[in-house]
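Structural features, examined
Chain residues, written in single-letter form:
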Amino acid sequence: MTHGATRRTVLIAAGATGAAALTAGCGGDGDESPPAETATGENNTTAPDAPAGQQLASTGDIPVGGGTIFKDEKVVVTQPEEGDFKAFSAICTHQNCVVATVSDGTINCTCHGSRFAIADGAVERGPATRPLPEEQITVDGNSIRLA
């Protein structure tokens, strides 16, 4: 004797399918870059610890009023005013994309349009709601190094 699906079985199956679809939909809207991959191929949503003391650039490589993105180190170094160097995580606080450009006084994420101030990493335009975390650097002569 075969039994048809009970109402309870149908509701449980439908709920599980809906939950799986909802979970899959939380990953974003598909118009952004995936999180950076680590050497092991795993997705990494936070900036890795770059080697302390690693030279990033010479002071002349960072434009006054602008900055340079170091994608491998996931750091952006800016020079808001001549001789004043700042560093921030290059990972956007909205959905963990690596920021793409520095122009017109802002660090720009092209995934969804967030912009951050080059002087302090503050949000200038959302959808991001949190500033870029500050990174520690040292400037010794013409050398900019991770602290």
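Please refer to the structure placed before this passage.
What counts, and at which threshold
- Residues numbered from 1 in each chain as written.
- Predicted model: local features only at pLDDT ≥ 70, side-chain atom pairs only at ≥ 80, totals over all residues.
- Heavy atoms only, no water.
- Disulfide = S-S within 2.5 Å.
- Buried < 20%, exposed > 50% of the residue type's maximum accessible area, 1.4 Å probe, protein only.
- Helix = DSSP H or I, 4+ residues; strand = E, 2+ residues; numbered from the N terminus.
- Pairing = 2+ DSSP bridges.
- Axes fitted to C-alpha atoms, helices over the stretch in contact; angles between N-to-C directions.

The subject of this paragraph is the state of the cysteines. This structure, assessed with the given rule, holds one disulfide. Cys92 takes part in no disulfide bond, and the closest cysteine sulfur to it belongs to Cys109, at a distance of 3.9 Å. Residue class for Cys109 comes out buried when judged on its relative accessible area of 4%.

At Asn96, a residue that is not glycine, the phi angle is positive and equals roughly 65°. Residue classification places Asn96 among the partly exposed positions, given a relative accessible area of 28%. In the Ramachandran plot, Asp104 falls in the positive-phi region, its phi being about 50° despite a non-glycine side chain. Checked against the element boundaries, Asp104 lands in the loop between strand S7 (101–103) and strand S8 (106–108). Look at Asp104 and you get exposed, because its relative accessible area is 79%.

What follows covers the pairing of strand S5 (residues 75–81). A regular strand places its side chains on the two faces of the sheet in alternate fashion. Within S5, six of the seven residues are buried, which leaves it mostly tucked inside the rest of the structure. Strand direction decides the pairing type here: strand S4 (residues 66–70) and S5, joined by five bridges, are antiparallel. Across the sheet, the residue bridging to Thr68 is Val77, located in S5. Hairpin connection of S4 to S5: four residues between the antiparallel strands, including Lys74 at a positive phi of 55°. Bridge count for S5 against strand S6 (residues 84–89) is five bridges, and the pairing is antiparallel. Within S6, the residue paired with Thr78 across the bridge is Lys86. Linking two consecutive strands that pair antiparallel, namely S5 and S6, is a turn of two residues; a positive phi of about 85° is found at Gly83 within it.

The next subject is the sheet that holds S4. As summarised here, the arrangement of the three strands in space is S4-S5-S6, forming an open sheet in which the pairing is antiparallel. Two strands bound the open sheet, and with one partner strand each, they are S4 and S6. Each adjacent strand pair in this sheet contributes to an overall mean axis angle of 20°, direction not counted.

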